[in-house]
Amino acid sequence: SLESVLANVDQISGKKKQGQKFVGFALEEQLDESKAKSKLKNKNLDAVFLNRIDAMGADQNAGVALAAGGVRRAFKRMDKADIAEKFWEWIVTLN
């Protein structure tokens, strides 16, 4: 089930294939990067996108993307489709 996959993504991400990236999302009341960094490490992710819970149901979003090694990129408020495209482009550049 999807719930099982989400709960065990750390086990799945440890078996990723060459070139594959595992990305997670952290939905928080505040943009608390420490929680997102914990998720990045504990779930063995390549990147995590942190955004606020008030983004749910909104047309626009803003947030912070974090990757291993302390790589960070802030995304200003924009349409969700645009932020998704820019986040994807950022993910592709990660080593």
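Every value quoted in this text rests on a predicted model; they were computed, and no experiment measured them.

Caption draft 1: Quick peek at the overall build of the protein chain. When helices and strands are tallied, the protein chain shows four helices and four strands. Counting all 95 residues of the protein chain, 31% fall into the buried class. Of the contacts formed within the protein chain by residues at least 6 apart in sequence, a portion of 36% connects residues at least 24 apart.

Caption draft 2: Layout of the pairing of strand β4 (residues 71-79). Here seven bridges tie strand β3 (residues 60-67) to β4, and the two strands are oriented antiparallel to one another. Paired with Gly-63 across the two strands is Phe-75, which belongs to β4. Taking the residues between adjacent antiparallel strands as the criterion, β3 and β4 are bridged by three residues, where Gly-69 takes a positive phi near 80 degrees.

Caption draft 3: Structural detail: unusual backbone geometry. Backbone geometry places Asn-44, a non-glycine residue, at a positive phi of 55 degrees. Tracing the backbone through its elements, the reader meets Asn-44 in the loop between α3 (33-42) and β2 (47-52). Under the relative-accessibility criterion, Asn-44 is labelled partly exposed at 36%.

Caption draft 4: Seen up close, the sheet that holds β3. Sheet architecture is open: four strands sit in the order β1-β2-β3-β4, paired in mixed fashion. Because the sheet does not close on itself, it has two edges, and the strands there are β1 (23-28) and β4. When the angles between neighbouring strand axes are averaged without regard to direction, this sheet yields 20 degrees.

Caption draft 5: Up close: α3. Among the residues making up α3, those that are buried are Glu-33, Ala-36 and Leu-40. With its buried residues spanning 60 degrees around the axis, α3 presents them on a single face. Across from the buried face of α3, at angles greater than 90 degrees, the exposed residues are Lys-41 and Asn-42. Buried residues belonging to α3 abut β1, β2, β3 and β4. A positive backbone phi angle near 55 degrees is found at Asn-44, which sits one or two residues after α3.

Caption draft 6: Focus on a nonpolar patch on the surface. A contiguous nonpolar surface patch, about 280 Å² in accessible area, is contributed by Leu-27, Ile-53 and Met-56. Of note, Ile-53 is situated in the loop between β2 and β3.

Cut-offs and rules
- Residues numbered from 1 in each chain as written.
- Predicted model: local features only at pLDDT ≥ 70, side-chain atom pairs only at ≥ 80, totals over all residues.
- Heavy atoms only, no water.
- Helix = DSSP H or I, 4+ residues; strand = E, 2+ residues; numbered from the N terminus.
- Buried < 20%, exposed > 50% of the residue type's maximum accessible area, 1.4 Å probe, protein only.
- Contact = heavy atoms within 4.5 Å.
- Pairing = 2+ DSSP bridges.
- Axes fitted to C-alpha atoms, helices over the stretch in contact; angles between N-to-C directions.
- Arc of directions from axis to C-beta.
- Patch = residues over 30% accessible without salt bridge, like charges linked within 9 Å, V, L, I, M, F, W, Y side chains within 5 Å.
- Areas by Shrake-Rupley, 256 points an atom, 1.4 Å probe, with all protein chains shown as cover.
- Salt bridge = Lys/Arg side-chain N within 4 Å of Asp/Glu carboxyl O.

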